[in-house]
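Summary of structural features
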Amino acid sequence: AAKMMGRWPDGSSLVKHPFGPDNDPDNAFGYAGDPAGARCPLGAHVRRANPRDSLGFDGKTMSRHRLIRRGIPYGSYLPPGEQDDEPRGIIFLAFNSGFDQFEFVQQIWINFGDDFEQGNDTDPIAGSRRKGRMVIPGDEATGRRPFICFDIPSFVTTRGGDYFFVPSLTGLGLLASGRVQVS
């Protein structure tokens, strides 16, 4: 699960803590030091959704598609192994400066893996597919062999979506100043 997500359940990055969780949700890390995906697989969700410095040009390629994102859980916690019918899930919010940013991340990085040397394999968590696969690269340094995950089920069911306009701080200041008429 951590290899598919790119983080341990406690939020620790696989790049910083490849052998186990460390209760370290720090976001100050990059992927340039792990070009083959030995620590965090190239196809892992967080690596695809936010490739940081892994696509070269000192992270400038990624900066053109930067999103401020947050998942907001709803419903009560369901302990492992238990089942019930209560609705639960995640409301995903992303702030970006243009429509094209989110759509690019979703269409190119999540649903088409070529930028991450994944061919047509989609993101294992949020990819649009019925059944998928993911390659977890081997690691020559530790002797770990590659592993291919087949028939990965779809984990995300989209219930809806909307785009909302949020003015910039400069725009809000201008509106608050009274120098602009709003009709």
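These notes cover the structure that comes with them. All residue numbers refer to positions counted from 1 along the written sequence of the respective chain. Local features in a predicted model are, by the rule used here, given only for residues with pLDDT of at least 70; side-chain atom pairs are given and counted only at 80 or more, and totals for whole chains, interfaces and linings are based on all residues. Water and hydrogen atoms were dropped before computing side-chain values, which therefore reflect all heavy atoms in the structure.

1. Some words on the overall build of the protein
To keep it simple, the criterion reads: A run of DSSP states H or I qualifies as a helix once it reaches four residues; a run of E qualifies as a strand once it reaches two. Both are numbered from the N-terminal end. Here a residue-residue contact requires only that any non-hydrogen atoms of the pair lie within 4.5 Å. Shrake-Rupley sampling with a 1.4 Å probe provides the accessible areas, and residues are treated as covered by the protein chains on show and by no other component. Positive charges come from Lys and Arg, negative ones from Asp and Glu, while His and the chain ends are left out of the count. Each charge is placed at NZ for Lys, CZ for Arg, CG for Asp and CD for Glu.
Counting secondary structure elements, the protein contains 5 helices and 4 strands. When its helices and strands are written in sequence order, the protein yields α-α-α-β-β-α-β-β-α. Considering only C-alpha atoms, the protein reaches an extent of 65 × 50 × 35 Å along its principal axes. Taking as baseline every contact in the protein between residues at least 6 positions apart, the subset at least 24 positions apart corresponds to 41%. Approximately 12,500 Å² of the protein is accessible, and the part contributed by carbon and sulfur atoms is 56%. Charge separation in the protein, taken as the distance between the mean sites of 21 positive and 22 negative side-chain charges, equals 2 Å.

2. A look at the state of the cysteines
The test is simple: For the purposes of this analysis, a disulfide is any pair of cysteine sulfur atoms at a distance within 2.5 Å. Under the scheme applied here, a residue whose accessible area is under 20% of the maximum for its type counts as buried, over 50% as exposed, and between as partly exposed, the area being computed with a 1.4 Å probe on protein chains only.
A full pass over the atoms with the stated rule returns 0 disulfides. Looking at Cys40, it has no disulfide partner, and the nearest cysteine sulfur is the one in Cys149, 13 Å off. Judged by its relative accessible area of 1%, Cys40 falls in the buried class. Under the relative-accessibility criterion, Cys149 is labelled buried at 12%.

3. Comments concerning the nonpolar core
Convention followed: Take the buried Ala, Val, Leu, Ile, Met, Phe, Trp, Tyr and Cys residues and link them wherever side-chain atoms come within 4.5 Å; each set so joined is a nonpolar core.
Counting residues in hydrophobic clusters, the biggest one holds 15 residues, and the most contacted among them are Met4, Tyr31, Cys40 and Met134. Breaking this core down by element, the ones donating at least two residues are helix H1 (2-5), strand S3 (131-136) and strand S4 (147-153). Not counting chain neighbours up to four residues away, the residues in contact with Met134 comprise Lys3, Met4, Pro41, Gly43, Ala44, Pro124, Phe147, Ile148, Cys149 and Ile152.

4. Regarding the pattern of salt bridges
Opposite charge on two side chains permits them to pair, given that their charged atoms come into close proximity. Selection rule: Salt-bridge detection follows one rule: a side-chain nitrogen of Lys or Arg within 4 Å of a carboxyl oxygen of Asp or Glu.
Applying the stated rule across the entire model yields 6 salt bridges. Residues Arg47 and Asp34 are paired through a salt bridge, measuring 3.3 Å at the closest nitrogen-oxygen approach. Residue Arg47 is located in helix H2 (residues 45-49), and its partner Asp34 is located in the loop between H1 and H2; the two are separated by 13 residues in the primary sequence. Asp34 gets classed as buried once you look at its relative accessible area, which sits at 5%. Here Arg88 ties to Asp84 by a salt bridge, and the two come within 2.8 Å at their closest N and O atoms. Looking at Arg88, the relative accessible area reads 26%, which means it is partly exposed.

5. What about the pairing of S3?
Two faces, one strand: in a regular strand the side chains alternate between the faces of the sheet. Quick reminder of the rule: Strand pairing requires that DSSP identify at least two bridges connecting the strands.
On S3, burial follows the alternation: Gly132, Met134 and Ile136 on one face are buried, whereas Lys131, Arg133 and Val135 on the facing-out side are not. Here S3 runs beside S4; their pairing, made up of 5 bridges, is antiparallel. The partner of Lys131 across the bridge, within S4, is Pro153.

6. Digging into the environment of Pro87
Looking at where Pro87 falls in the secondary structure, it is placed in the loop between strand S1 (68-74) and strand S2 (89-95). Owing to a relative accessible area of 61%, Pro87 belongs among the exposed residues under this scheme. Separated by 12 residues in the primary sequence, Pro87 and Gly75 place their C-alpha atoms 6.1 Å from one another.

7. Some thoughts on the packing of aromatic side chains
To be explicit about the condition: Each Phe, Tyr or Trp ring (for Trp, its six-membered ring) is paired with any other whose centre lies within 6.5 Å, and the angle between the two planes then decides the class: stacked below 30 degrees, edge-to-face above 60, tilted in between.
In total, this model carries 4 aromatic pairs according to the counting rule given. With a centroid separation of 5.2 Å and 80° between ring planes, the pair formed by Phe104 and Trp109 is classed as edge-to-face. Residue Phe104 is classed as partly exposed on the basis of its relative accessible area, which comes to 24%. A residue is classified by how much of its surface remains accessible, and Trp109, at 1% relative accessible area, is buried.

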